[in-house]
Amino acid sequence: MEQSVRWLIALLLTLMLTLPGRVVASGGDDDENDDDSDNDANGSDEDNDDDEREDREKHKVEVDVSGDEIKVELKREIGHDETKIEFKVDLSEAKFKLKFEEETGQLETEQKLEVVMQRLFEYVDANGNGAYDEGEIIASGYRIGDSGDSLSDSPDNGSVNWDQPTLSDITTGGVSGKAMSARGSIGAESEGVFGLDIKVYGDFTMMNGSQLLPTEVKIDFIIENYPYTQNDSVLGLLLKTKTKQEQERQHSDIDDDEEGVVASSSTDVNAISLGFSWKQTATVDGVDLPVHTTVLSSETETSADEFEFKQRFVLGYARGDVIVHDPVAGVSYASAATAAVDEGKWYNLPGFGVVATLTAFMGTAILVRPRTVNRINDSDTVLDSLGSVVQQS
């Protein structure tokens, strides 16, 4: 039986590899118009395939703004499978939570990432490296929410007084979305402002030369008219991230011009990454200037049924009256099969169409000889098998 299966596979591969050459040879005298029409048709098919893939990635957007909370939901349903990404901002606690939920058949997956904006502070950059270094003088500071933490020897000048957030419809590059804005005042006379501008589209959207994915939320940190107390000081923003998985600072989801943290996990059916990243530059009084990141601590807390990973870090900004920085929070996910194909780059291999056809054909052989199928499904073995068939033919 095993020998019969092998001969059948070899015969099928031989037909696949030799048939295209014969078709091309017999069609060599066709005129150029036919070639052009074929190319147009192929191009159209590729465009349609791209559109189909894009449609599968689009997510339905639902937004609710109530009191001091902003809630964004990105949903996608395919058949009986449902995926939901929730991005929730609690201004009173100055934190936002990113949660991913997926139901596939009988399996449910959930993953979370939390970011707390703890303190906006003024410090003296004694060594001039642009980053906050522990021990440098902190001249003033404001708690962003009730959960605001402090740094050693940091004065407490009060907290951010948040206004009611707003919601509006927007369109960028022909793509419709939602914009949420929140502003809070700081300073003895409320002269300073700390704010958030949040945008979501649920579709691929180009913004300032970068592509926002359907599963991402764009966040701008806004700092205006900070009440500086010294002439040679700069600003720092103290943040804390918390996840149920270990956080990576070097990850494929983070671009070369970005920094950030990514928490990844995988199961037998999917691979998920939740990320919070930011550009390495911020716009300070209309000029793009470097943002310097200082990691203060990384710790892991474990118990019998709980694992929690935390990081505290400071984003250091150049001094200015108006500072705009644009982080992104989002999710990347795929089924285990898709992730495996992407990782192996099978779609870039010569003869991928043959491999795909072979995989479909082998559905019957799996039931007959599982061990033989496992060997054939390995990408290296498939390519070796293809080479030997070509030589024999």
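(A) A look at the overall build of the chain. Summing up its helical and strand segments, the chain has 6 helices and 23 strands in all. Counting all 393 residues of the chain, 40% fall into the buried class. Within the chain, contacts between residues separated by at least 24 positions form 55% of all contacts whose residues are at least 6 apart in sequence.

(B) Seen up close, the packing of aromatic side chains. Enumeration according to the criterion identifies 11 aromatic pairs in this entry. Within the aromatic cluster, the residues linked to one another by ring pairs are Phe87, Phe96, Phe276, Trp278 and Phe313. The ring of tyrosine 228 carries arginine 319 above its face, with NZ or CZ at 3.9 Å from the centroid.

(C) Geometry of the pairing of strand 22 (residues 322-325). On strand 22, burial follows the alternation: Ile323 and His325 on one face are buried, whereas Val322 and Val324 on the facing-out side are not. With 4 bridges connecting them, strand 13 (residues 216-224) and strand 22 associate as antiparallel partners. In the strand pairing of strand 22, isoleucine 222 is matched with valine 324. Bridge count between strand 18 (residues 281-284) and strand 22: 2 bridges; the pairing is antiparallel. Note on strand 22: the bridge partner recorded for threonine 283 is valine 324.

(D) The arrangement of the environment of glycine 330 in detail. Its location among the elements puts glycine 330 in strand 23 (residues 328-335). Separated by 54 residues in the primary sequence, glycine 330 and phenylalanine 276 place their C-alpha atoms 6.7 Å from one another. Non-local contacts of glycine 330, meaning those with residues more than four positions away in its chain, are made with Leu98, Thr215, Glu216, Ser273, Leu274 and Gly275.

(E) Representation of the side chain of glutamate 136 within the structure. Looking at where glutamate 136 falls in the secondary structure, it is placed in the loop between strand 5 (107-124) and strand 6 (138-143). This buried residue, glutamate 136, is left without a salt bridge; arginine 319 holds the nearest opposite charge, at 13 Å. In this structure the side chain of glutamate 136 is engaged in a polar contact, spanning 3.0 Å, whose partner is the backbone nitrogen of aspartate 133. If we skip the residues at most four places from it in the chain, glutamate 136 touches Tyr123, Val124, Asp125, Ala126, Asn127 and Ala131.

(F) Focus on a negative patch on the surface. On the surface, Glu77, Glu82, Glu103 and Glu108 cluster together into a patch of negative charge. Tracing the backbone shows glutamate 108 in strand 5. What makes glutamate 108 exposed here is its relative accessible area of 62%.

(G) Fine view of the pairing of strand 9 (residues 175-186). Sheet analysis places strand 7 (residues 161-162) next to strand 9, joined by 2 bridges and oriented antiparallel. From the neighbouring strand, tryptophan 162 faces strand 9, where its bridge partner is glycine 184. Bridge count for strand 8 (residues 166-172) against strand 9 is 7 bridges, and the pairing is antiparallel. Paired with threonine 172 across the strands is valine 175, a residue of strand 9. Once strand 8 ends, the chain turns through 2 residues before running back antiparallel as strand 9, passing glycine 173 with a positive phi of about 60 degrees. Counted between consecutive antiparallel strands, the loop separating strand 9 from strand 10 (residues 192-200) contains 5 residues, among which glycine 187 sits at a positive phi close to 105 degrees.

(H) Geometry of the nonpolar core. Counting 51 residues, the largest nonpolar core has Phe87, Phe194, Phe221 and Phe276 as the members making the most contacts within it. Counting residues in each nonpolar core, the second largest holds 9 residues, with Phe121, Tyr132, Leu238 and Leu296 among its members.

(I) Fine view of unusual backbone geometry. In the Ramachandran plot, asparagine 208 falls in the positive-phi region, its phi being about 55 degrees despite a non-glycine side chain. Tracing the sequence through the fold places asparagine 208 in the loop between strand 11 (205-207) and strand 12 (210-212). Its relative accessible area of 75% is what places asparagine 208 among the exposed residues.

(J) Structural detail: the side chain of aspartate 90. Summarising the element assignment, aspartate 90 is placed in strand 3 (residues 81-90). Comment: no salt bridge for buried aspartate 90; closest opposite-charge side chain is lysine 88, at 6.6 Å. A polar contact is formed between the side chain of aspartate 90 and the side chain of serine 92, at a distance of 2.6 Å. The residues touching aspartate 90, leaving out its near neighbours within four places in the chain, are Asp68, Glu69 and Lys95.

Conventions and cut-offs
Every residue gets a number counted from 1 within its own chain, in the order that chain's sequence is written. In keeping with the predicted nature of the model, local features appear solely for residues at pLDDT of at least 70, side-chain atom pairs appear and are counted solely at 80 or more, and the whole-chain, interface and lining totals rest on all residues. Heavy atoms throughout the structure, all of them, feed into the side-chain values; hydrogens and water do not. Comment: elements are numbered from the N terminus, with helices defined as DSSP H or I runs of at least four residues and strands as E runs of at least two. Relative accessible area decides the class of each residue, using a 1.4 Å probe on protein chains only: under 20% of the type maximum gives buried, over 50% gives exposed, and in between gives partly exposed. Pairs of residues are marked as contacts when any of their non-hydrogen atoms sit within 4.5 Å. Centre distance within 6.5 Å is the pairing criterion for rings of Phe, Tyr and Trp, where only the six-membered ring of Trp is used; planes under 30 degrees apart are then read as stacked, over 60 as edge-to-face, and the remainder as tilted. Here, a charge over a ring means that NZ of Lys or CZ of Arg falls within 6 Å of the ring centre while also lying within 35 degrees of the ring normal. DSSP calls a pair of strands paired once it identifies at least 2 bridges connecting them. For the purpose of counting charges, residues Lys and Arg are taken to be positive, whereas Asp and Glu are taken to be negative. His and the chain ends are not included. Basic side-chain nitrogens of Lys or Arg form a salt bridge, by our definition, when they fall within 4 Å of a carboxyl oxygen of Asp or Glu. In protein, a polar contact requires one atom able to donate a hydrogen and another able to accept it; more generally it is a pair of N or O atoms within 3.5 Å, and residues adjacent in sequence count only if both atoms are side-chain atoms. Like-charged residues are merged into a patch within 9 Å and nonpolar side chains (Val, Leu, Ile, Met, Phe, Trp, Tyr) within 5 Å, provided each residue has over 30% relative accessible area and no salt bridge. Residue-level accessible areas treat just the shown protein chains as cover; the underlying method is Shrake-Rupley with a 1.4 Å probe. Throughout, a charge is located at the NZ atom of Lys, the CZ atom of Arg, the CG atom of Asp or the CD atom of Glu. Nonpolar core, defined: a set of buried Ala, Val, Leu, Ile, Met, Phe, Trp, Tyr and Cys residues in which side-chain atoms within 4.5 Å join the residues together.

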